[in-house]
Amino acid sequence: MGRTYIVEESVGQYLSNVNLQGKDFVSGLLIGQCSSQKDYVILAARTPPNEEQNENLKHPKAKLDNLDEEWATVHANQVSRMLPGGLLVLGVFIITTLEMANDFQNALRRLVFAVEKSMNKKRLWNFTEEEVSERVTLHICSSTKKIFCRTYDIHDPKSSAKPADWKYQNGLSASWLSLECTVHINIHIPLSATSVSYTLEKNTKNGLARWAKQIENGVYLINGQVKDEDCDLLEGQKKSSRGNAQATNHSFDVRVLTQLLLNSDHRSTATVQICSGSVNLKGAVKCRAYLHSNKPKVKDAVQAVKRDILNTVIVICFVLFSVGGEERHIEYSYCDLFCSVLIGGEERHIEYSYCDLFCSVLRRR
């Protein structure tokens, strides 16, 4: 039996309203959350047209060649950077004309693997073996509105397509839970003289690995309590008439305790390293994660917060490095770019804060 995708009705409306505008197809991303039993899709994001490609297309290509995998992965990386904890790019969709309805399955397969591979390169964390490894491809015919939903195992490059159920539900994320966390960081990353051939981005990512391990191994207090990871997050909540836990408070406060010193059982060796420079990251990282309310476990909540902490720090670094590489000390305030989505019964902002130094660059993007 294939996986089941529970989809917010507004996503169906969004896909129905996509206008091909004379094109053979339009593609985009599906965003939501995985669970062991089913997956939830709460957003769809159309991949914007590549203006540079359009200007260079003096000679028409074959129609399938116009599915620009590189541009789609760029879009996926940008969207993935803006998502709060708990939300992922679950797969891709494509809407085609009736004439092209039978030609896109192989292209979709290539695209979903390319998107996942590209996003994995930018992360400080890895998926666990217990997590769902299937990603979805959705094909819609613009004329007949017929839907073909299939999944692929991204851990197996040779995996074949499996049929999946695509079911709409109104108010899907209305009862979702939010988790908020503030982490103070003070990270010093020496840039080894032997790795001058690496980009600043790669050097910094390598340097953040030790700090990332501290975050992974930290102790997480949820509303001031340490809970067993296999406990229900909503344990102790009142029961509704249907017997499900009813979250009277949709928000949870999370605090992180990291180990400062090694245990006496461990021995450390001092090393001398010739450096060409250093990167220092200092400040407060404010994170927010969202979690479905269908019997969530404590470990699911902790994992969502961990990954948002790691994602937020690495993304801030990437934004800094993409604008300018000269050596300098920067102190800055933030401005916000966001879109909104209904989560936890309220309109929530999928928000990202960028320093005001780079706002003009980001607006152009």
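Residues numbered from 1 in each chain as written. Predicted model: local features only at pLDDT ≥ 70, side-chain atom pairs only at ≥ 80, totals over all residues. Heavy atoms only, no water.

J.: Residues and numbers for the packing of aromatic side chains, please.
T.: In the structure shown here, the tally under the stated rule is five aromatic pairs. Three or more aromatic residues link up through ring pairs in this structure, and these residues are Tyr-5, Trp-166 and Tyr-168. The residue whose ring lies beneath Arg-135 is Phe-127, and the NZ or CZ to ring-centre distance is 5.3 Å. (Phe/Tyr/Trp six-rings, centres within 6.5 Å; stacked < 30°, edge-to-face > 60°. Lys NZ or Arg CZ within 6 Å of the ring centre and 35° of its normal.)

J.: Give a detailed account of the sheet that holds strand E13 (residues 251–257), specifying residues and quantitative values.
T.: Across the sheet, four strands lie side by side as E10-E13-E9-E14; this open sheet has mixed pairing. Strands at the two margins of the open sheet, each flanked by one partner only, are strand E10 (219–222) and strand E14 (275–291). Averaged over all neighbouring strand pairs, the angle between strand axes comes to 20 degrees, with direction disregarded. The sheet contact formed by strand E9 (residues 177–192) and E14 spans 16 bridges and is antiparallel. If you follow Ile-187 over to E14, its bridge partner there is Leu-281. Relative to the sheet, helix H5 (residues 200–216) contacts E9, E10 and E14, its axis offset from that of E9 by approximately 125 degrees. (Pairing = 2+ DSSP bridges. Helix = DSSP H or I, 4+ residues; strand = E, 2+ residues; numbered from the N terminus. Axes fitted to C-alpha atoms, helices over the stretch in contact; angles between N-to-C directions. Contact = heavy atoms within 4.5 Å.)

J.: Tell me about helix H1 (residues 9–16), and name the residues and values.
T.: When we look at burial in H1, the residues that qualify are Val-11, Gly-12 and Leu-15. Down the axis of H1, the sector holding all buried residues measures 100 degrees, keeping them to one side. Buried-residue contacts for H1 involve strand E1 (4–8), strand E3 (39–46), strand E4 (88–96), strand E5 (134–141) and strand E8 (165–169). (Buried < 20%, exposed > 50% of the residue type's maximum accessible area, 1.4 Å probe, protein only. Arc of directions from axis to C-beta.)

J.: A description of the state of the cysteines should follow, citing residues and the corresponding values.
T.: Linking two cysteines covalently via their sulfur atoms produces the bond known as a disulfide. Tallied over the entire structure, the rule returns zero disulfides. Cys-181 provides the cysteine sulfur closest to Cys-287, a residue in no disulfide bond, and the two sulfurs are 5.8 Å apart. The exposure class assigned to Cys-287 is buried, which follows from its relative accessible area of 6%. (Disulfide = S-S within 2.5 Å.)

J.: If you had to explain the sheet that holds strand E7 (residues 162–163) to someone new, which residues and values would you point to?
T.: Sheet strands pair by backbone hydrogen bonding; their relative direction is either parallel or antiparallel. What the eight strands build is an open sheet, ordered E7-E6-E5-E4-E2-E3-E1-E8; its pairing is mixed. Looking at strand neighbours, the two that pair on one side only are E7 and E8, the edges of this open sheet. Strand direction decides the pairing type here: strand E2 (residues 25–34) and E4, joined by eight bridges, are antiparallel. Considered in E4, the bridge of Ile-31 is made with Val-89. This element, H1, spans E1, E3, E4, E5 and E8 of the sheet and lies at about 30 degrees to E3. The strands touched by helix H4 (residues 105–121) are E4, E5 and strand E6 (147–153); relative to E4, the strand with the most contacts, the crossing angle is about 155 degrees.

J.: Can you explain unusual backbone geometry? Please cite residues and give values.
T.: At Lys-145, a residue that is not glycine, the phi angle is positive and equals roughly 65 degrees. Within the secondary structure, Lys-145 is located in the loop between E5 and E6. Lys-145 sits in the partly exposed class, given a relative accessible area of 47%. In this structure, Asn-223 is a non-glycine residue whose phi angle is positive, near 50 degrees.

J.: Run through the pairing of E3, naming residues and quoting values.
T.: With respect to burial, E3 is a largely interior element, seven of its eight residues being buried. In terms of strand pairing, E1 meets E3 through three bridges, oriented parallel. Its bridge partner lying in E3, Val-7 is registered against Val-41.

J.: Which residues make up a nonpolar patch on the surface, and what are the values?
T.: Together, Val-219, Val-226 and Leu-257 make up a nonpolar patch on the protein surface, roughly 260 Å² of accessible area in all. Relative to the helices and strands, Leu-257 resides in strand E13. Relative accessible area serves as the criterion here: at 46%, Leu-257 is assigned to the partly exposed category. (Patch = residues over 30% accessible without salt bridge, like charges linked within 9 Å, V, L, I, M, F, W, Y side chains within 5 Å. Areas by Shrake-Rupley, 256 points an atom, 1.4 Å probe, with all protein chains shown as cover. Salt bridge = Lys/Arg side-chain N within 4 Å of Asp/Glu carboxyl O.)

J.: Explain the nonpolar core residue by residue, including any values.
T.: One finds Leu-15, Trp-166, Leu-208, Trp-211, Leu-281 and Ile-309 to be the most contacted residues of the largest nonpolar core, which totals 61 residues. Top contributing element to this core by residue count: helix H6 (residues 298–323), with 13 residues. When near neighbours in sequence (up to four residues on either side) are disregarded, Leu-208 contacts Leu-124, Ile-187, Ile-189, Leu-281, Val-313, Ile-314 and Cys-317. Counting residues in hydrophobic clusters, the runner-up holds 30 residues, among them Leu-29, Ile-31, Ala-45 and Leu-111. (Core = buried A, V, L, I, M, F, W, Y, C linked by side-chain atoms within 4.5 Å.)

Taken by themselves, the reported measurements are silent on function.
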